[in-house]
Amino acid sequence: KQFNNFNQHLFAQKMDKKPQLLKKSSRSDFDSDTQLYRPEFQASQHSDANKNEKLWELMSTYIPRDVQTIQTTLVNHVEYTLARTRFDFGKRECYRAAALTVRDRLIESWNDTQQEIQAQNAKRVYYLSLEFLMGRSLKNALVNMEIEKEYKSALLELGYKLEELYEEE
């Protein structure tokens, strides 16, 4: 699947206050209530690793996948990113807020992928194509991250249908 940017993602599961790294090929192996921990990379690669332990602690987990968290992050983007209120919140704003919440989750994976590539000292190949057609990226991202069902439920409770938001793209 497109979501897997490197062979296997490392996830940690909290046990006895110390995360245990698990190799998983898919986030769907966890239910939506399971807290997923981000992979840790050698601190020696990062000069500021010991400088701000609180920052590392706050960024140690992935954004939860449950319906309540999706709704909370969506509403936060509506008010603080899009500068809208509950009185002028339409389908277009809902689409934009949903896209921003999906982007937040993609950024977490992107950052971890870049750290993994750097840790492995992997070679990179760059390719530029002038005929690149992406298609609808919101639906692709939700399907690839295996969270479409949670987004559908979260949006339905807020009075929006995910299928209608796909049409806004």
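Residues numbered from 1 in each chain as written. Predicted model: local features only at pLDDT ≥ 70, side-chain atom pairs only at ≥ 80, totals over all residues. Heavy atoms only, no water.

Q: Can you walk me through the nonpolar core in this structure?
A: Across soluble globular proteins, nonpolar side chains have a tendency to be buried as a group. Within the largest apolar cluster, 22 residues are counted, with the highest numbers of intra-cluster contacts made by Val102, Leu142, Tyr151 and Leu155. When residues of this core are traced back to their parent elements, those giving at least two are helix 2 (67-81), helix 3 (91-120), helix 4 (137-144), helix 5 (148-157) and helix 6 (162-168). It is helix 3 that contributes the most residues to this core, six residues altogether. If sequence neighbours within four positions are ignored, Tyr151 has contacts with Ile70, Ala98, Thr101, Val102, Arg105, Leu142 and Leu162. (Core = buried A, V, L, I, M, F, W, Y, C linked by side-chain atoms within 4.5 Å. Buried < 20%, exposed > 50% of the residue type's maximum accessible area, 1.4 Å probe, protein only. Helix = DSSP H or I, 4+ residues; strand = E, 2+ residues; numbered from the N terminus. Contact = heavy atoms within 4.5 Å.)

Q: Looking at this structure, I do not really get the pattern of salt bridges. What am I missing?
A: Side chains that differ in sign of charge can pair as their charged atoms come close. For the structure shown, the criterion picks out seven salt bridges. Here Glu168 makes a salt bridge to Arg92, at a shortest N to O gap of 3.9 Å. On the criterion of sequence distance, the pair formed by Glu168 in helix 6 and Arg92 in helix 3 is long-range, its members being 76 residues apart. Classification of Glu168 as partly exposed rests on a relative accessible area of 25%. The network of salt bridges with shared partners includes Arg84, Asp88 and Glu93. (Salt bridge = Lys/Arg side-chain N within 4 Å of Asp/Glu carboxyl O.)

Q: What should I look at first to understand a nonpolar patch on the surface in this one?
A: A contiguous nonpolar surface patch, about 410 Å² in accessible area, is contributed by Leu55, Trp56, Leu58 and Met59. For Leu58, the location among the structural elements is in helix 1 (residues 53-58). (Patch = residues over 30% accessible without salt bridge, like charges linked within 9 Å, V, L, I, M, F, W, Y side chains within 5 Å. Areas by Shrake-Rupley, 256 points an atom, 1.4 Å probe, with all protein chains shown as cover.)

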